[in-house]
Amino acid sequence: MDVLTVKKIKEMKGRQPIVMLTAYDYISARICQACGVDIILVGDSLAMTLLGYDSTLPVTMDEMGIFVSAVRRGAKDAFIVADMPFMSYQASIEQALKNAGRFIKFCGASAVKIEGASDHTLSVVDRLVDAGIQVMGHIGLTPQSSIFKDGYKVKGRDFSEARELMAQAKALEDAGCFAIVLECVPEPLGADISDAVGIPVIGIGAGRFCDGQVLVFSDVVGTYDRVIPRFVRRYCDGLSLFRQAVEEYVTQVRKGEFPGEENVYK
Ligand code: KIV
């Protein structure tokens, strides 16, 4: 399999839609790779969808490292982006370098993703890129900072917020990001930002005209039902499928129908 690079990802802009999907473990990573997902994101959304926290804030570098490594084992040839968890890059540039380096050096990530476009974040991007670490930006709804600031809501609905997001996208491009995730903005703004920057803009709830789309694995396969945003399309009802299988197992053991003859050693 041809290994995807940042150069090739950038060349996809305007030519073909980029498909990004989160994966959190060996199994979901194998599925993503087998299905030809272009970029696998080990998102900090796993704090909620896999670990059962109420937000993405509690997940740690140690926890993320376990999942990034598992995803690499499941998708040996994939381009894997590791999400930098809350407070793994906010305190200082040195802290950001150390933690991003850990994902690349020890967990097998191809790149890292960080949220926001403050002066500090732009300096972090600049230094990581200088150190040879590829960085994906993330603006719009940025769950790590939105939760207590103004909640999970659509961003860029008014002119000044839209203008600010446009400026942030350009600043992230100038700082050296190879792509940007744009989350939860009105469709026309998603289109305008995608047109205005030279790097791929990968939308989640940012409309149909971005350079690519990203969704969360658990949303696509229907294994997380605590919140289902409008931008999600569920392709199957995983929870029902799993529940049905486990119910059947429980019933069959109780009725003596499992193990069957084919399951025993003669
Ligand atoms: O953590 C995550 O899954 C993400 C996506 C929503 C882009 O950041």
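Refer to the preceding data block for the structure.
Summary of the structure given here. (Residues numbered from 1 in each chain as written. Predicted model: local features only at pLDDT ≥ 70, side-chain atom pairs only at ≥ 80, totals over all residues. Heavy atoms only, no water.)

What surrounds the ligand is the set Thr 22, Leu 41, Gly 43, Asp 44, Ser 45, Asp 83, Lys 113, His 138, Val 181, Glu 183, Ile 204 and Val 216. Ser 45 has a polar side-chain atom sitting 2.5 Å from an oxygen atom of the ligand. In this structure, Lys 113 approaches the ligand through a side-chain N or O atom, which is 2.9 Å from an oxygen atom. Out of a free accessible area of 260 Å², the ligand has 94% covered by protein chains. Taken atom by atom, the bulk of the ligand overlaps the second largest pocket. Its residues assigned to classes, the shell around the ligand shows four nonpolar, four polar and four charged. (Near = heavy atom within 4 Å. Polar contact = N/O pair within 3.5 Å; in protein donor to acceptor, adjacent residues only side chain to side chain. Areas by Shrake-Rupley, 256 points an atom, 1.4 Å probe, with all protein chains shown as cover. 1 Å grid on protein atoms, 1.4 Å probe; cavity = no way out; pocket = protein on both sides within 12 Å on 5 of 7 lines; lining within 4 Å. Sits in = over half its atoms within 2 Å of the grid points. Nonpolar A, V, L, I, M, F, W, Y, C, P; charged D, E, K, R; others polar.)

Another point: the sheet that holds strand S2 (residues 39–42). Taken in spatial order, the eight strands of this closed barrel run S1-S2-S3-S4-S5-S6-S7-S8, and their pairing is parallel. Here the average twist between neighbouring strands, direction ignored, is 25°. Together, S2 and strand S3 (79–83) form the strand contacts of helix H4 (residues 61–74), whose direction differs from that of S2 by roughly 155°. Most of the contacts of helix H8 (residues 159–175) go to strand S5 (residues 135–140), to which it runs at about 175°, and overall it touches S5 and strand S6 (179–183). (Pairing = 2+ DSSP bridges. Helix = DSSP H or I, 4+ residues; strand = E, 2+ residues; numbered from the N terminus. Axes fitted to C-alpha atoms, helices over the stretch in contact; angles between N-to-C directions. Contact = heavy atoms within 4.5 Å.)

Tallied over the entire structure, the rule returns two aromatic pairs. Seen from their ring centres, Tyr 249 and Phe 258 are 5.9 Å apart, and the 65° between their planes marks the pair as edge-to-face. On the accessibility criterion, Tyr 249 (47% relative accessible area) is partly exposed. Accessibility expressed as a relative area gives 35% for Phe 258, which makes it partly exposed. (Phe/Tyr/Trp six-rings, centres within 6.5 Å; stacked < 30°, edge-to-face > 60°. Buried < 20%, exposed > 50% of the residue type's maximum accessible area, 1.4 Å probe, protein only.)

Turning next to the environment of Gly 74. Summarising the element assignment, Gly 74 is placed in helix H4. Judged by relative accessible area, which is 11%, Gly 74 ranks as buried. Dropping the residues within four chain positions of it, Gly 74 is found in contact with Tyr 26, Ala 29 and Arg 30.

This part is about the nonpolar core. Membership of the largest hydrophobic core comes to 60 residues, with the highest contact counts inside it found for Ile 40, Val 42, Phe 103, Val 112, Ile 139, Leu 172 and Ile 193. A per-element tally of this core places H8 first, with six residues. Other than its neighbours up to four places away in sequence, Ile 40 contacts Leu 21, Ala 23, Ala 29, Cys 32, Gln 33, Val 71, Ala 75, Ala 78, Phe 79, Ile 80 and Val 81. Leu 4, Met 12, Val 81 and Ala 179 belong to the second largest nonpolar core, which has 18 residues in total. (Core = buried A, V, L, I, M, F, W, Y, C linked by side-chain atoms within 4.5 Å.)

Glancing now at the pattern of salt bridges. For the structure shown, the criterion picks out eight salt bridges. The closest approach of N and O atoms between Asp 62 and Arg 102, which form a salt bridge, is 2.5 Å. With Asp 62 in helix H4 and Arg 102 in helix H5 (residues 93–107), the pair connects residues that are 40 residues apart, well separated along the chain. When the shortest N-O distance is used, the salt bridge between Glu 261 and Lys 266 registers 3.0 Å. Under the relative-accessibility criterion, Glu 261 is labelled exposed at 61%. On the accessibility criterion, Lys 266 (80% relative accessible area) is exposed. (Salt bridge = Lys/Arg side-chain N within 4 Å of Asp/Glu carboxyl O.)

Honestly, it's all geometry; don't read function into it.
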